[in-house]
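Notes for the structure review
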2 protein chains.
Amino acid sequence: MAPKQAPVRKPAPELVRDGLRASILAGEFEAGYQLRQDEVAEQFGTSRIPVREALRQLESEGLIVFHPNKGAVVKGLSLEDVLEMLDIRIALETRALKLAIPNMAVEDLDAAQEILDRYDAASEPDAWGEMNWNFHWTLYAPCNKSKLLSMIEANYGHVSRFTRRQVSRAAGKSRPQKEHHELLDLCRQGKIEKAVDLLERHIEQTQKSLQATSRLTDPAR
Amino acid sequence: MAPKQAPVRKPAPELVRDGLRASILAGEFEAGYQLRQDEVAEQFGTSRIPVREALRQLESEGLIVFHPNKGAVVKGLSLEDVLEMLDIRIALETRALKLAIPNMAVEDLDAAQEILDRYDAASEPDAWGEMNWNFHWTLYAPCNKSKLLSMIEANYGHVSRFTRRQVSRAAGKSRPQKEHHELLDLCRQGKIEKAVDLLERHIEQTQKSLQATSRLTDPAR
DNA sequence: TCTCTAAATATTGCATAATTATTTATCCGC
DNA sequence: GCGGATAAATAATTATGCAATATTTAGAGA
């Protein structure tokens, strides 16, 4: 039997879902934007049926909201919502870190170190976000818990959609980066409790930065 | 203007989704059971279109799995999967407890106490599960984080589908219940760190019980 | 009897069509 | 002009139908 490449044709609903999700997370739509079904259908070259299935999944993921008989709109998040998602980041990521540290290999630590070095060298704030996340992810991945990791990824995607530019600039680079180095050191030394505590404070710092910048942005609310 | 009751008719996909989810979580289907679209549609008195939307949502929730061109089956979980979900319980619930304790009112503590008293009096293991969860929930609810709480609820639903009978019987009543009393005391005294630590160990205990009973159940694997 | 193949059957996937709800436009009285 | 009712247009929702894929059954040959 020839090792025939499985002719995997992804079902339409999944293509639409993945495409829309990428667009939404990339910030291509503003909050409240209405996703018209025939429009999306035409864009993906299908009928509205697969589109509706995709939209329902994105609804379950919390990216859009369905209004009965009025369609789906891209979900907006309040400051409180984002702060809560940062609490969820703390919850999930501290657990992942705790489980990951005993499993960390030298390569994992080296990879994290390398990211930090590049981070140190980088000057444009726009690049910080991605490197920041790569570093965190490198620390969590060794926990080897696929569901936990995918929840972390999904939650971070939501958060970053709203904090992308704001936080990294506001918080600056030096303080978070200092904490990153400390965090990596603690991982190296296997100091689980201290590392977890630091990570918690590290993300709480993001909460504070966000609150501070938001207070500046809309002082009335 | 008359205070007319809004004639809110829930859309079909949501009815089907909620109905199927309840059935699955109640354990009415065994893992691997195929949910035929015609069958479900007839059961709910609709066509297959809303059913497909409901199934897609349940897929996103992790309750079923879609196999292209073969339909949807109720998802089964391995021991590792359930243990991982208990890790997620620890992650989410320790955070919720930490945030809840400063907000706990006397009524919250009294409600929790009352559940424990009824728990002490109950003799049938089948009732333990629900009371156990009511107690935990009462401790988390004051955190006032709706998304965190709904994640906790969803995750617990998945776990309990597989641990319902197994764990509560295997672990017995006395040890978990002793920990419940301790936990409530720590909440009363506002000892956040100690309470969180105890909760973590409490759920880890469930992991151990589960591993122990599973080792007894299928010794080969 | 067993196995392989092919027809029959069942089921999914998706497009089209019909229905229903909502929004927008138009008209009329004031 | 300004409401307010009515009609047209628009969009969402759901039903139906058909093609594609998978599964089962039946039959032929060893």
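Keep in mind it's a predicted model, so treat the numbers as computed, not measured. (Residues numbered from 1 in each chain as written. Chains lettered and ligands numbered in written order. Predicted model: local features only at pLDDT ≥ 70, side-chain atom pairs only at ≥ 80, totals over all residues. Heavy atoms only, no water.)

**With respect to the relation of the copies chain A and chain B**
Defined as follows: Alignment of the copies relies on least squares applied to C-alpha atoms, considering only residues that score at least 70 for pLDDT in both.
Take chain A, turn it by 180°, move it 0.0 Å along the axis, and it overlays chain B with an RMSD of 0.1 Å. A rotation of that kind, with that shift, is consistent with a two-fold axis.

**Notes on helix 4 (residues 79–100) of chain B**
Quick note on the threshold: Helix numbers and strand numbers start at the N terminus; a helix is a DSSP run of H or I with at least 4 residues, a strand a run of E with at least 2. Here the expected length of a helix is defined as 1.5 Å per residue gap, with one fewer gap than residues. Accessibility here uses a 1.4 Å probe with only protein chains present; expressed as a share of the type maximum, an area under 20% marks a residue as buried, one over 50% as exposed, and anything in between as partly exposed.
When the terminal C-alpha atoms of helix 4 of chain B are compared, their 31 Å separation across 22 residues agrees well with the 32 Å that a helix rising 1.5 Å per residue should span. Helix 4 of chain B sits mainly inside the fold: 18 of its 22 residues count as buried.

**Comments concerning the protein's contact with DNA strand C**
We count it as follows: In these notes, residues near a molecule or strand are those with any non-hydrogen atom within 4 Å of it. The definition of a polar contact used here is a pair of N or O atoms within 3.5 Å, where within protein one atom must be able to donate a hydrogen and the other to accept one, and adjacent residues in sequence count solely through side-chain atom pairs. Just so you know the grouping, Ala, Val, Leu, Ile, Met, Phe, Trp, Tyr, Cys and Pro go in nonpolar, Asp, Glu, Lys and Arg go in charged, and all remaining residues, Gly too, go in polar.
With respect to spatial proximity, 22 residues lie near DNA strand C, and among them Ser-47 and Lys-70 of chain A together with Arg-9, Arg-48 and Arg-52 of chain B are the closest. Sugar and phosphate atoms form 69% of the subset of DNA strand C atoms that lie within 4 Å of the protein. Asn-69 of chain A is positioned with one of its side-chain polar atoms (N or O) 3.2 Å from a sugar or linking oxygen of DNA strand C. Those elements giving two or more residues to the surface near DNA strand C turn out to be helix 1 (12–25) and helix 3 (48–61) of chain A together with strand 1 (34–35) and helix 3 (48–61) of chain B. Residues of the surface near DNA strand C, tallied by class, amount to eight nonpolar, seven polar and seven charged.

**Topic: the interface of chain A and chain B**
A common measure of how large an interface is: the accessible area buried when the components associate. Definition in use: Contacts are residue-level and defined by heavy atoms, with any inter-residue pair within 4.5 Å sufficient. Throughout, buried area stands for the accessible area (probe radius 1.4 Å) lost by two parts on being put together, summed over both. Between Lys or Arg on one side and Asp or Glu on the other, a salt bridge is scored when a side-chain nitrogen of the former is within 4 Å of a carboxyl oxygen of the latter.
With 29 residues of chain A at the interface, the matching set in chain B holds 29 residues. Both faces combined, the contact of chain A with chain B buries some 2800 Å², and carbon together with sulfur accounts for 53% of it. Across the contact surface, chain A and chain B share 16 salt bridges. When the shortest N-O distance is used, the salt bridge between Asp-87 of chain B and Arg-95 of chain A registers 2.7 Å. Scanning the region where chain A abuts chain B turns up 24 residue pairs in polar contact (both at pLDDT 80 or more). Of all the elements in the fold, those that place two or more residues in the side of chain A that touches chain B are helix 1, helix 3, helix 4 (79–100), helix 7 (146–171) and helix 9 (192–217) of chain A. The residue inventory of the side of chain A that touches chain B, partitioned by class, reads 12 nonpolar, three polar and 14 charged.

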